[in-house]
Amino acid sequence: MRPIKESNGLVWKYTPTIALSGMANYNVHSGQGMQYPVRSYQDSTPTDIIISGSFTANDIYEARYMLAMFTFWKIATKGDFGDIAVAKETAGAPPPALLFEYMGDHQFYKVPVVVSSYNLTMDNNVDYVPVDVQGTISYVPTLVDVTVSLQTQYTPSKVRRRYDVNAIANGEAYRDGFI
């Protein structure tokens, strides 16, 4: 994990593809004989933020970074469990909440997220390079395609106290992490 810590978080070297959408949910009401239902707003649901892109291992630094990235996704989708977690008093702790930043302050600024899934595609037509980690050798492919699904994870108190649709619309609330 050292390469990711040294870069102050997981950084995509190549520009990834990002898919984002939103959804407004409505309840449908219809009276006897009505031709058109009446819809009443229920809530809004941000859908997953889907990020996909490539990581390469063209040199030893990139190979170590890729190996750290593999570990990062494993950790980001695991809670704490078992006898060791009980001894550490961390049993039942969920996977970590992360901060997602991309494209500057007015786009994705410190958006609190959790990783709901990841997919690493290691094609069979690329070379593998050895990585020495504390005297053991692991092999990483020279190219990996990564797809990650992130879900927003706002605290109830932040939503209750700081959410303001007008401040989001006029740009005043960009530092609050709402999308």
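No experiment lies behind these values; they were computed from the predicted model shown.

Parameters and conventions
- Residues numbered from 1 in each chain as written.
- Predicted model: local features only at pLDDT ≥ 70, side-chain atom pairs only at ≥ 80, totals over all residues.
- Heavy atoms only, no water.
- Helix = DSSP H or I, 4+ residues; strand = E, 2+ residues; numbered from the N terminus.
- Rg over C-alpha atoms; globule rule 2.2 N^0.38 Å.
- Buried < 20%, exposed > 50% of the residue type's maximum accessible area, 1.4 Å probe, protein only.
- Contact = heavy atoms within 4.5 Å.
- Expected span 1.5 Å × (residues − 1).
- Polar contact = N/O pair within 3.5 Å; in protein donor to acceptor, adjacent residues only side chain to side chain.
- Phe/Tyr/Trp six-rings, centres within 6.5 Å; stacked < 30°, edge-to-face > 60°.
- Lys NZ or Arg CZ within 6 Å of the ring centre and 35° of its normal.

### Section: the overall build of the chain
- The helix and strand inventory of the chain stands at 5 helices and 9 strands.
- Counted from the first residue to the last, the chain has its helices and strands arranged as α-β-β-β-β-α-α-β-β-β-β-β-α-α.
- Here the chain has a C-alpha radius of gyration of 21 Å; the compact-globule value for 179 residues is 16 Å, and the former is much larger.
- With the principal axes as the frame, the chain shows a C-alpha extent of 75 × 45 × 35 Å.
- Counting across all 179 residues of the chain, residues that qualify as buried make up 26%.
- Taking the intrachain contacts of the chain between residues at least 6 apart in sequence as the baseline, contacts between residues at least 24 apart amount to 62%.

### So, unusual backbone geometry
- Of note, the phi angle at N8 is positive, near 60 degrees, even though the residue is not glycine.
- Mapped onto the elements of the fold, N8 is located in the loop between α1 (2-6) and β1 (17-19).
- The backbone of K110 sits at a positive phi, close to 50 degrees, despite the residue not being glycine.
- Positionally, K110 belongs in strand β6 (residues 108-121).

### Some remarks on helix α2 (residues 60-76)
- For α2, spanning 17 residues, the distance from its first C-alpha to its last is 24 Å, which sits close to the expected 24 Å at 1.5 Å a residue.
- Within α2 the residues assigned to the buried category are E62, A63, Y65, M66, A68, M69, F70, F72, W73 and A76.
- The N-cap of α2, judged by a side-chain oxygen 3.2 Å from the amide nitrogen of Y61 a few residues on, is D59.

### Quick word on the packing of aromatic side chains
- Considering all chains together, one arrives at 10 aromatic pairs under this definition.
- Taking 4.9 Å as the distance between ring centres and 45 degrees as the angle between the ring planes, the aromatic pair formed by W12 and F55 counts as tilted. Here the residue W12 occupies a position in the loop between α1 and β1, and F55 occupies one in strand β4 (residues 49-56), the gap between them amounting to 43 residues.
- A relative accessible area of 18% places W12 in the buried class.
- Between W73 and Y118, the ring centres sit 6.4 Å apart and the planes meet at 25 degrees, which makes this aromatic pair stacked. Linking W73 in helix α2 with Y118 in strand β6, this pair joins segments that are 45 residues apart in sequence.
- Taken together, the ring pairs in this structure connect F72, W73 and Y118 into an aromatic cluster.
- The ring of F178 has K158 sitting right over it, with the charged end atom 5.5 Å from the ring centre.

### Quick word on the environment of Y163
- With respect to the helices and strands, the residue Y163 is situated in the loop between α4 (156-162) and α5 (165-169).
- Relative accessible area serves as the criterion here: at 43%, Y163 is assigned to the partly exposed category.
- Each C-alpha atom of the pair Y163 and G82 lies 38 Å from the other, and the pair is 81 residues apart in sequence.
- Setting aside its immediate chain neighbours within four residues, Y163 contacts K158, I168 and F178.

No statement about biological role is implied by the geometric values presented.
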